[in-house]
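Residue-level structure breakdown
Single-letter residue listing:
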Amino acid sequence: MSDFAVAIPLMRRAIYPGSFDPVTNGHLDIIERARKLFDEVIVAVAHNDEKQPLLPLKERLDLLRETAGKIDNVRIAQFKGLLVEFARAEKAGAVIRGLRAVSDFEFEFQMALMNRKLDAGVETIFLMPKEEYTYLSSRIVKEIARLGGDVSGFVPAAVAHTLSKKFARSHS
Ligand code: ADP
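Presented here is a report on the structure given in the accompanying data block. (Residues numbered from 1 in each chain as written. Predicted model: local features only at pLDDT ≥ 70, side-chain atom pairs only at ≥ 80, totals over all residues. Heavy atoms only, no water.)

Re the site of the ligand
Around the ligand, a shell composed of 16 residues is seen, among which Tyr 16, Ser 19, Lys 51, Gly 98 and Leu 136 lie nearest. At a separation of 2.9 Å, an oxygen atom of the ligand approaches a polar backbone atom of Phe 20. In this structure, Tyr 133 approaches the ligand through a main-chain N or O atom, which is 2.9 Å from a nitrogen atom. Protein chains shield 89% of the accessible area of the ligand, which is 550 Å² for the free molecule. Those elements that provide at least two residues to the shell around the ligand are strand 1 (13-18), helix 2 (25-37) and strand 4 (94-98). (Near = heavy atom within 4 Å. Polar contact = N/O pair within 3.5 Å; in protein donor to acceptor, adjacent residues only side chain to side chain. Areas by Shrake-Rupley, 256 points an atom, 1.4 Å probe, with all protein chains shown as cover. Helix = DSSP H or I, 4+ residues; strand = E, 2+ residues; numbered from the N terminus.)

Okay, structure coming up:
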(Lines give C-alpha, C1' and ligand atoms only; values in the text may rest on other atoms or scores of the structure.)
Protein backbone atom coordinates (compact mmCIF):
# COMPACT_ATOMS: atom_id res chain seq x y z
CA MET A 1 0.00 0.00 0.00
CA SER A 2 1.37 3.48 -0.79
CA ASP A 3 2.01 6.03 1.95
CA PHE A 4 -0.61 8.20 0.31
CA ALA A 5 -3.35 5.61 0.86
CA VAL A 6 -2.40 5.21 4.51
CA ALA A 7 -2.31 8.97 5.09
CA ILE A 8 -5.98 9.52 4.28
CA PRO A 9 -8.16 7.87 6.89
CA LEU A 10 -11.76 7.27 5.93
CA MET A 11 -14.17 9.23 8.07
CA ARG A 12 -16.97 6.95 9.20
CA ARG A 13 -19.95 9.21 9.48
CA ALA A 14 -23.55 8.29 10.26
CA ILE A 15 -26.82 10.17 10.27
CA TYR A 16 -29.44 9.63 12.94
CA PRO A 17 -32.61 11.17 11.51
CA GLY A 18 -35.95 11.76 13.18
CA SER A 19 -38.57 14.21 14.30
CA PHE A 20 -37.21 14.48 17.86
CA ASP A 21 -40.49 16.04 18.99
CA PRO A 22 -39.08 16.12 21.65
CA VAL A 23 -35.80 14.28 22.23
CA THR A 24 -36.21 11.54 24.89
CA ASN A 25 -33.83 9.39 26.94
CA GLY A 26 -34.42 6.67 24.32
CA HIS A 27 -32.99 8.89 21.57
CA LEU A 28 -30.03 9.79 23.80
CA ASP A 29 -29.36 6.10 24.43
CA ILE A 30 -29.22 5.45 20.68
CA ILE A 31 -26.93 8.47 20.14
CA GLU A 32 -24.54 7.15 22.81
CA ARG A 33 -24.41 3.73 21.15
CA ALA A 34 -23.99 5.16 17.64
CA ARG A 35 -21.18 7.52 18.56
CA LYS A 36 -19.09 4.61 19.76
CA LEU A 37 -19.38 2.97 16.35
CA PHE A 38 -18.72 6.01 14.14
CA ASP A 39 -16.24 8.86 13.95
CA GLU A 40 -19.10 11.32 13.68
CA VAL A 41 -22.85 11.07 14.23
CA ILE A 42 -25.08 13.75 12.76
CA VAL A 43 -28.40 13.93 14.59
CA ALA A 44 -30.64 15.31 11.88
CA VAL A 45 -34.04 16.83 12.60
CA ALA A 46 -36.43 16.45 9.69
CA HIS A 47 -38.55 19.32 8.42
CA ASN A 48 -41.66 17.45 7.53
CA ASP A 49 -44.62 19.50 6.41
CA GLU A 50 -46.94 16.52 6.69
CA LYS A 51 -46.29 15.83 10.36
CA GLN A 52 -47.61 18.41 12.74
CA PRO A 53 -45.06 18.59 15.51
CA LEU A 54 -45.84 19.90 18.97
CA LEU A 55 -42.55 21.81 19.06
CA PRO A 56 -41.36 24.06 16.25
CA LEU A 57 -38.17 23.00 14.48
CA LYS A 58 -36.03 25.58 16.28
CA GLU A 59 -37.14 24.38 19.69
CA ARG A 60 -36.47 20.73 18.77
CA LEU A 61 -32.99 21.70 17.55
CA ASP A 62 -32.28 23.80 20.65
CA LEU A 63 -33.27 20.94 22.97
CA LEU A 64 -31.02 18.55 21.07
CA ARG A 65 -28.14 21.03 21.16
CA GLU A 66 -28.61 21.43 24.89
CA THR A 67 -28.77 17.70 25.61
CA ALA A 68 -26.58 16.06 22.97
CA GLY A 69 -24.82 18.96 21.25
CA LYS A 70 -21.83 18.98 23.55
CA ILE A 71 -21.10 15.28 23.22
CA ASP A 72 -17.84 14.63 21.47
CA ASN A 73 -18.30 13.57 17.81
CA VAL A 74 -22.03 14.38 17.76
CA ARG A 75 -23.34 17.17 15.55
CA ILE A 76 -26.91 18.50 15.45
CA ALA A 77 -28.34 19.42 12.05
CA GLN A 78 -31.60 19.76 10.17
CA PHE A 79 -32.63 18.52 6.76
CA LYS A 80 -35.44 18.83 4.30
CA GLY A 81 -36.28 16.44 1.50
CA LEU A 82 -34.83 13.01 0.87
CA LEU A 83 -32.70 11.52 3.62
CA VAL A 84 -30.39 9.77 1.13
CA GLU A 85 -29.63 13.10 -0.53
CA PHE A 86 -28.75 14.63 2.81
CA ALA A 87 -26.58 11.58 3.57
CA ARG A 88 -24.80 11.98 0.24
CA ALA A 89 -24.23 15.71 0.79
CA GLU A 90 -22.75 14.98 4.23
CA LYS A 91 -20.68 12.07 2.90
CA ALA A 92 -22.33 9.74 5.40
CA GLY A 93 -22.29 6.01 4.68
CA ALA A 94 -24.87 4.98 7.26
CA VAL A 95 -28.27 5.85 8.64
CA ILE A 96 -28.98 4.93 12.25
CA ARG A 97 -32.48 4.00 13.37
CA GLY A 98 -33.66 2.81 16.75
CA LEU A 99 -35.68 -0.39 17.04
CA ARG A 100 -37.85 -0.70 20.11
CA ALA A 101 -40.22 -3.51 19.38
CA VAL A 102 -41.63 -5.66 16.64
CA SER A 103 -44.13 -2.88 16.00
CA ASP A 104 -41.31 -0.62 14.73
CA PHE A 105 -40.02 -3.28 12.40
CA GLU A 106 -42.39 -3.22 9.45
CA PHE A 107 -42.17 0.50 8.78
CA GLU A 108 -38.42 0.62 9.43
CA PHE A 109 -37.80 -2.35 7.16
CA GLN A 110 -39.74 -0.70 4.34
CA MET A 111 -37.89 2.61 4.80
CA ALA A 112 -34.49 0.93 4.91
CA LEU A 113 -35.07 -1.01 1.70
CA MET A 114 -36.54 2.01 -0.06
CA ASN A 115 -33.54 4.11 0.93
CA ARG A 116 -31.26 1.36 -0.36
CA LYS A 117 -33.08 1.45 -3.69
CA LEU A 118 -32.61 5.21 -3.82
CA ASP A 119 -28.94 5.01 -2.89
CA ALA A 120 -27.17 1.68 -2.49
CA GLY A 121 -24.23 3.47 -0.87
CA VAL A 122 -26.15 4.28 2.30
CA GLU A 123 -26.55 1.42 4.74
CA THR A 124 -29.23 1.47 7.45
CA ILE A 125 -28.12 0.25 10.86
CA PHE A 126 -30.59 -0.59 13.61
CA LEU A 127 -29.66 -0.18 17.23
CA MET A 128 -31.65 -1.34 20.23
CA PRO A 129 -31.91 0.83 23.32
CA LYS A 130 -31.63 -0.26 26.92
CA GLU A 131 -34.71 -2.35 27.81
CA GLU A 132 -36.21 0.34 30.00
CA TYR A 133 -36.47 2.64 26.98
CA THR A 134 -38.17 0.17 24.70
CA TYR A 135 -41.61 1.44 25.68
CA LEU A 136 -40.62 5.09 25.38
CA SER A 137 -41.67 7.34 22.52
CA SER A 138 -41.97 11.09 22.00
CA ARG A 139 -45.67 10.56 21.40
CA ILE A 140 -46.30 8.90 24.77
CA VAL A 141 -44.19 11.46 26.61
CA LYS A 142 -46.25 14.28 25.07
CA GLU A 143 -49.46 12.51 26.04
CA ILE A 144 -48.36 12.12 29.68
CA ALA A 145 -47.23 15.75 29.84
CA ARG A 146 -50.47 16.93 28.27
CA LEU A 147 -52.41 15.15 31.00
CA GLY A 148 -50.26 16.76 33.69
CA GLY A 149 -48.11 13.68 34.49
CA ASP A 150 -44.45 13.72 35.50
CA VAL A 151 -42.15 12.97 32.56
CA SER A 152 -38.86 13.72 34.30
CA GLY A 153 -37.84 10.03 34.29
CA PHE A 154 -38.19 9.77 30.51
CA VAL A 155 -36.63 12.93 29.13
CA PRO A 156 -33.75 15.29 29.95
CA ALA A 157 -34.59 18.06 32.45
CA ALA A 158 -34.66 20.77 29.74
CA VAL A 159 -37.30 18.82 27.82
CA ALA A 160 -39.44 18.20 30.93
CA HIS A 161 -39.27 21.93 31.63
CA THR A 162 -40.29 22.86 28.06
CA LEU A 163 -43.21 20.43 28.11
CA SER A 164 -44.50 21.57 31.48
CA LYS A 165 -44.41 25.19 30.28
CA LYS A 166 -46.13 24.23 27.04
CA PHE A 167 -48.98 22.44 28.79
CA ALA A 168 -49.21 24.70 31.86
CA ARG A 169 -51.81 26.81 30.13
CA SER A 170 -54.17 23.90 29.62
CA HIS A 171 -54.07 23.04 33.36
CA SER A 172 -54.53 26.54 34.74
P1 ADP B 1 -39.55 9.55 13.40
O2 ADP B 1 -40.57 10.60 13.17
O3 ADP B 1 -38.51 9.43 12.34
O4 ADP B 1 -40.09 8.21 13.86
P5 ADP B 1 -38.61 9.88 16.07
O6 ADP B 1 -38.00 11.10 16.65
O7 ADP B 1 -39.89 9.41 16.68
O8 ADP B 1 -38.72 10.17 14.58
O9 ADP B 1 -37.57 8.69 16.12
C10 ADP B 1 -36.32 8.78 15.50
C11 ADP B 1 -35.65 7.44 15.60
O12 ADP B 1 -35.41 7.13 16.96
C13 ADP B 1 -36.47 6.27 15.05
O14 ADP B 1 -35.59 5.34 14.48
C15 ADP B 1 -37.11 5.70 16.29
O16 ADP B 1 -37.40 4.32 16.11
C17 ADP B 1 -35.99 5.90 17.28
N18 ADP B 1 -36.50 5.96 18.65
C19 ADP B 1 -37.45 6.76 19.16
N20 ADP B 1 -37.65 6.51 20.47
C21 ADP B 1 -36.79 5.52 20.80
C22 ADP B 1 -36.53 4.76 21.99
N23 ADP B 1 -37.20 4.96 23.10
N24 ADP B 1 -35.60 3.82 21.93
C25 ADP B 1 -34.93 3.56 20.78
N26 ADP B 1 -35.13 4.20 19.63
C27 ADP B 1 -36.05 5.16 19.63
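Concerning the environment of Glu 143
Take Glu 143: it is sitting in helix 6 (residues 138-146). Exposure remark for Glu 143: the relative accessible area of 34% places this residue in the partly exposed category. Only 3.0 Å separates the side chain of Glu 143 from the side chain of Arg 146, close enough to count as a polar contact. (Buried < 20%, exposed > 50% of the residue type's maximum accessible area, 1.4 Å probe, protein only.)

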